[in-house]
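# Residue-level structural notes
Spelled out from the first residue to the last, the chains are:
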Amino acid sequence: MEPKLIGITKNSVTKRSYWIDYLRSTLTILVIAHHSAIAYATFGKFHKERYIASTSPVVDMRSNVGLDIFINFNDIFFMSLMFLIGGLFLPGSLARKNKDAFVRDRTLRLFLPFITIGTLLMLIAYYPSYYLATGDTNLIRHIADFFTHQGWPAGPTWFICMLFVFNIVFLIGYPWLKRCPVLSSGTFGKLAKRPSLMFFLLLCISWLLYVPIAHSVGAGTWRGIGPFDFQYSRPLLYLGYFLIGVALGLGDFEKTVFSQNSDIVTRWWLWSIACLVSFVALTLVSPYLSSLVRDGNLREFPAWMIYFTLYLCSCCNLLYN
């Protein structure tokens, strides 16, 4: 017997959402631009001893502080938004397939390409790194070093593996999602007319899922085994946004939260201003907080709490925008 989700049936006729196609395309361009810009960032570092620890496969001697701003701007929101979009259409996908077909589809579309094509692409991408680190052009030795000394780095393709894991988490939690009164009552749809409350709810969820871990392990720490690599402080944050996408997908989000009459959509100019103000505030406050801590005028813990809160305010504003 095939599963059914709230408000979604196998025979439902859906109209293609071109705005989501445009959003996906824009995010893809931002990802490419982001990783290209890191090579020219002022904080760029190349480690010859273990090139995988470098900020970029190749670090150019010329740098530009303007690219630092672009990189920081992207880092605040674009991966969270990608995971949210990744969860939007999962309820409909599971409504059309049984569980075995769902797992098989996700394995073929996500996990196997991650292991095979992702590995091949990273071997190509890190070949210049190997040459810069060793001066050696031997391809066989590069491949051996890639899998042994470098530990089979996944590079930017880590996202695909994490998305696959989140898909499986969704499948396991599907029986609970069907019975969850918050989701079945269309809570997120009702918040379309209360954008301030929705923003506050999003901020609280983000804070709980990110700040305690980031403060404990460090915001920039990466951990992993082989290609299964991830930023240690963010899996719960990304999972949270992924499940928010799933919750929105359980209802007709194009007639509620993202409808043309929704306050979130009609007040786009307000979110644009809030987005700009919050990002500028974060950029200006960060060095100021550092100087206060360095001079002994502020303890490190409250400084981190202020920074993380501003960071997530900026993240939520950017997502709204």
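Residues numbered from 1 in each chain as written. Predicted model: local features only at pLDDT ≥ 70, side-chain atom pairs only at ≥ 80, totals over all residues. Heavy atoms only, no water.

The subject of this paragraph is the overall build of the protein chain. Helix and strand counts for the protein chain stand at 15 helices and two strands. In terms of overall size, the protein chain behaves like a compact globule, its C-alpha atoms giving a radius of gyration of 21 Å where 321 residues would be expected to give roughly 20 Å. Referenced to the eigenvectors of the C-alpha coordinate spread, the extents of the protein chain come out at roughly 60 × 50 × 35 Å. Relative to its full complement of 321 residues, the protein chain shows a buried share of 40%. (Helix = DSSP H or I, 4+ residues; strand = E, 2+ residues; numbered from the N terminus. Rg over C-alpha atoms; globule rule 2.2 N^0.38 Å. Buried < 20%, exposed > 50% of the residue type's maximum accessible area, 1.4 Å probe, protein only.)

Let us look at empty space enclosed by the protein. Under the definition given, this model contains one cavity of 30 Å³ or more. Reported here for the largest cavity is a volume of approximately 30 Å³. Lining the largest cavity are Phe114, Gly118, Thr119, Met122, Trp152, Pro153, Ala154, Thr157 and Pro227. Looking at which element gives the most residues to the lining of the largest cavity, the answer is helix H5 (residues 117-125), with three residues. (1 Å grid on protein atoms, 1.4 Å probe; cavity = no way out; pocket = protein on both sides within 12 Å on 5 of 7 lines; lining within 4 Å. Points joined across faces, edges and corners; volume = space filled by probe spheres on them.)

Secondary-structure assignment places Asp68 in helix H2 (residues 65-88). It turns out Asp68 is buried and unbridged, and the closest side chain with the opposite charge, Lys45, is 12 Å from it. For Asp68, the contacting residues outside a window of four places in its chain are Ala41, Thr42 and Phe43. (Lys, Arg positive; Asp, Glu negative; His and termini not counted. Salt bridge = Lys/Arg side-chain N within 4 Å of Asp/Glu carboxyl O. Contact = heavy atoms within 4.5 Å.)

Turning our eyes to something else, we now look at the confidence of the model for the protein chain. Any region with low pLDDT has predicted coordinates that should not be read closely. The pLDDT averaged across the protein chain works out to 86; a share of 91% of its residues lies at or above 70. The least confident element of the protein chain, judged by mean pLDDT, is helix H9 (residues 181-184) at 62; the most confident is helix H7 (residues 139-147) at 96. Here residues 1-13 is modelled with pLDDT under 50, and outside its nearest four sequence neighbours on either side it reaches 26 contacts, counting other chains as well. (pLDDT = per-residue confidence, 0-100.)

Another aspect to go through is the packing of helix H4 (residues 99-115) against H5. The interhelical angle for the contact between H4 and H5, taken along N-to-C directions, is 35°, at an axis separation of 3 Å. Of the residues in H5, those touching H4 at Leu112, Pro113, Phe114 and Ile115 are Ile117, Gly118 and Thr119. Looking at the contact of H4 with H5 residue by residue, the classes come out as five nonpolar, two polar and no charged. (Axes fitted to C-alpha atoms, helices over the stretch in contact; angles between N-to-C directions. Nonpolar A, V, L, I, M, F, W, Y, C, P; charged D, E, K, R; others polar.)

Attention now goes to the pattern of salt bridges. On inspection of all chains with the given rule, the structure shows six salt bridges. Ionic pairing is found between Arg109 and Asp105, a salt bridge with its closest N-O pair at 3.5 Å. Pair noted here: Arg109 and Asp105 are both in helix H4, with a separation of four residues, about one helical turn. Two residues, Arg141 and Asp136, come together in a salt bridge whose shortest N-O distance is 2.6 Å.

Position of Tyr238 relative to the elements: it lies in helix H12 (residues 235-249). Here Tyr238 falls in the buried class, since its relative accessible area comes to 2%.

A word on the nonpolar core. If you look at the biggest cluster of nonpolar residues, it comprises 60 residues, and the most contacted ones within it are Phe83, Tyr241 and Phe242. For Tyr241, the residues in contact, after removing those within four places along its chain, are Ser80, Phe83, Leu84, Leu202, Ser206, Cys315, Cys316 and Leu319. In terms of nonpolar packing, the next biggest core, distinct from the first, is built from seven residues, Leu123, Tyr126, Tyr130 and Phe146 among them. (Core = buried A, V, L, I, M, F, W, Y, C linked by side-chain atoms within 4.5 Å.)

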